[in-house]
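# Summary of structural features
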Amino acid sequence: MKYLPIFYDLSVYPCLVVGAGEIAARKVRQLRKAEASVIVVAPEICKELKELAENKEINYISEKFSEELLGDKMLVIAATNDEEVNKKVSELAKAQNIPVNVVDNPDLCSFIMPSIVDRDPVQIAISTSGASPVLARLLRARLESLIPASYGRLAQLMARFRGHVKQRYPKMQERRRFWEHILQGPVAEMIYAGQDDAALKALEKTLEKEGSVIDKTGEVYLVGAGPGDPDLLTFRALRLMQQAEVVLYDRLVAPEIVDLCRKDAERIYVGKKRDQHALPQEEISQLLVDLAKQGKRVLRLKGGDPFIFGRGGEEIELLSAENIPFQVIPGITAASGCASYAGIPLTHRDYAHTCVFVAGHLKDGSMDLNWDTLIQPRQTIAVYMGVMGLQELCRELIARGMSEQMPAALVQQGTTHKQKVYIGNLGNLPDFPKQHDIKPPTMIIIGEVVKCHEKLSWFDPQSD
Ligand code: SAH
C-alpha cells in the first residue's frame, strides 16, 4: 500500500493553494467543504475565486508564490499551469515536512486526493493510488447509486443517541446488536424515506423496550418496478429489492426484474392471467400484514408505478390500519416509459399541452370514461388496459367529434427488447390487434404528438 488513507482535521491552521485558475478553484471547493481556512496565492485570479475572495470566504494574495508563504500551513496544493512553479512548491513544502499535492503529478505529491462519496458526516474516500483517476470516478458513481443519499442523516441520528444507547446497553456486544438492528430495520428505512420524526420515535420506543433488543415488527415496501427495462428501476427500488426477505409480484413485473431481488428471498406470485383467478385484493393485503407481523421485510413489487392504475393505495390501507411501517417507491409508469422508448413526447409545445392517463378496460362491454374531457384539442391520451376495448374507444371518440385521422399508436411490451410500435389513426387502429397479433401489455397513445415518432424514434430492439 503506497498511501495511507487518513481523515485530516483542517481547522487548525490555514491551507495554501498556489494558483487561482479553474483547477485551483476545484481544489479550493474541496478544502472549503472540509471547513479549511484557505489562502490562495497567484498573480491572477479566476472569476469563481475572485467572488470567494470578495466575500471573504478565502484569503487571496495577488503575487507570485514565495517560500515564506509556506509558514505555518497545514497543507499545500500546487495548481498552477507552470511546471517549474509546481516543482518548486513541491520541493520547498517537502523540505519543511508540509504535506503537498501537485495536481496531476503524483511524483511531486506527498499526499493525493481521493474521490469522495459524501454523506456527511459519513465519508468514503476512494483511491487507485494514482493509477487511474477514471476508475476511481466510476467506482464512486457505483457507490453513489448504492448508498442512500440520506445516510448522513442516519449517522446524525445515531450520534444523537450514542450516549443513551451506551447507558441502556452497557455491554459492547448488546450495543452492537442494537445498532445492527436499527441500521437494518424500519428506523433506517424511515430516515431514507424522509420520515425523520417517525424514525426518532421508533428509535426511542425501541430503546425503552424491556428485554430483547430485537423488535419483531417487519415492514412493507410497495415498489414500482417500472415498465419492463430493468435499467429503469430507481436506486431505492433496487436497494429494497436486495433487502427484502419475501417478494410478492405479479404478471406485469418482468422476470429479469424479479431476478434482481435477493437470491434467497421467498417469491410469491400473486398475479393473474386474464380470466384466471389470482389472489383477491383483500387476500394480498392480508398476506402483506401477516408476513410483516412475522417480522419480515416484505417487498410488494408492482409493474410501472404502484399508484397509477396499480391498486397500490388499496394494498396499503390495511397496513396503515394495522400500524405496520411501509413506504411507497414510485416507478416509471407505462405511459411515460412507452412514450419515451417510442419517441412520442407526451406533451409538445406544437401539439399537446395536456396529457391524460385513463384506464380503458371494459365493464359489462362498455367503457366508463368521461368522453367530453377526452376529446379536448391539444391533448394526448394515454390509455392503459385498453386493447380489449379498442373498438369501443375509437368509435366513441370519433362519434363525439374527434377526427378519424387523429394519429394514434399502440406500444406493445414497451421498453423491453420485445417492444413493437404500431402507428396509425383513430380510423384504422381497431384493426391492428388482429392484423398484428397484439399481445399484452400494450399502451395506446392518441394525439398529434404521435406524429413525432417518425423523427424521434430511437429505440429499435432486435425482436424475435
Ligand atoms: N401501474 C402500472 C399500470 C398497471 S395497468 C403502471 O404504472 O404502468 C396495466 C396496463 O399498463 C397494461 O394493460 C398496459 O396498458 C400498461 N402497461 C404496463 N406495462 C406496459 C409495457 N411495458 N408496455 C405497454 N403497456 C404497458
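These notes cover the structure that comes with them. Just so you know, these numbers come straight off a predicted model, no measurement behind them.

On the surface, a cluster of negative charge is made up of Asp82, Glu83, Glu84 and Glu91. By relative accessible area, Glu84 is classed as exposed at 57%.

This part takes up helix H5 (residues 151-168). With 18 residues, H5 ought to run about 26 Å at 1.5 Å a step, and its terminal C-alpha atoms sit 24 Å apart, in line with that. Roughly 50° is the biggest bend found in H5, and it falls at Phe161. Listed in full, the buried residues belonging to H5 are Gly152, Leu154, Ala155, Leu157, Phe161 and Val165. Of the surrounding elements, those touching the buried residues of H5 are strand S6 (115-119), strand S7 (122-126), helix H6 (172-183), helix H7 (186-192) and helix H8 (196-208).

Attention now moves to the site of the ligand. Around the ligand there are 18 residues in total, and Asp305, Ile308, Thr333, Ala334 and Thr442 lie nearest to it. One nitrogen or oxygen atom from the main chain of Gly414 is found 2.8 Å from a nitrogen atom belonging to the ligand. Within the residue set of the shell around the ligand, elements represented by two or more residues are helix H13 (334-341) and strand S17 (442-446). Residue composition of the shell around the ligand, by class: 11 nonpolar, six polar and one charged.

Let us look at the pattern of salt bridges. All told, the structure shown has 20 salt bridges when counted by the stated rule. Put simply, Lys50 and Glu54 hold a salt bridge, and the shortest N to O gap is 3.9 Å. Residue Lys50 and its partner Glu54 are located together in helix H2 (residues 47-54), separated by four residues, close to a single helical turn. Overall, Lys50 belongs to the partly exposed group, its relative accessible area being 45%. Residue Arg153 pairs with Asp196 through a salt bridge whose shortest N-O separation is 2.8 Å.

Attention shifts here to the sheet that holds strand S1 (residues 15-18). Across the sheet, five strands lie side by side as S3-S2-S1-S4-S5; this open sheet has parallel pairing. Two strands in the sheet have a free side with no partner beyond their single neighbour: strand S3 (59-61) and strand S5 (100-102). Across the sheet, the mean angle separating the axes of adjacent strands is 15° when strand polarity is ignored.

What counts as what
- Residues numbered from 1 in each chain as written.
- Predicted model: local features only at pLDDT ≥ 70, side-chain atom pairs only at ≥ 80, totals over all residues.
- Heavy atoms only, no water.
- Patch = residues over 30% accessible without salt bridge, like charges linked within 9 Å, V, L, I, M, F, W, Y side chains within 5 Å.
- Areas by Shrake-Rupley, 256 points an atom, 1.4 Å probe, with all protein chains shown as cover.
- Salt bridge = Lys/Arg side-chain N within 4 Å of Asp/Glu carboxyl O.
- Lys, Arg positive; Asp, Glu negative; His and termini not counted.
- Charge placed at Lys NZ, Arg CZ, Asp CG, Glu CD.
- Buried < 20%, exposed > 50% of the residue type's maximum accessible area, 1.4 Å probe, protein only.
- Helix = DSSP H or I, 4+ residues; strand = E, 2+ residues; numbered from the N terminus.
- Expected span 1.5 Å × (residues − 1).
- Bend = angle between axes of the 7 residues up to and from the residue.
- Contact = heavy atoms within 4.5 Å.
- Near = heavy atom within 4 Å.
- Polar contact = N/O pair within 3.5 Å; in protein donor to acceptor, adjacent residues only side chain to side chain.
- Nonpolar A, V, L, I, M, F, W, Y, C, P; charged D, E, K, R; others polar.
- Pairing = 2+ DSSP bridges.
- Axes fitted to C-alpha atoms, helices over the stretch in contact; angles between N-to-C directions.

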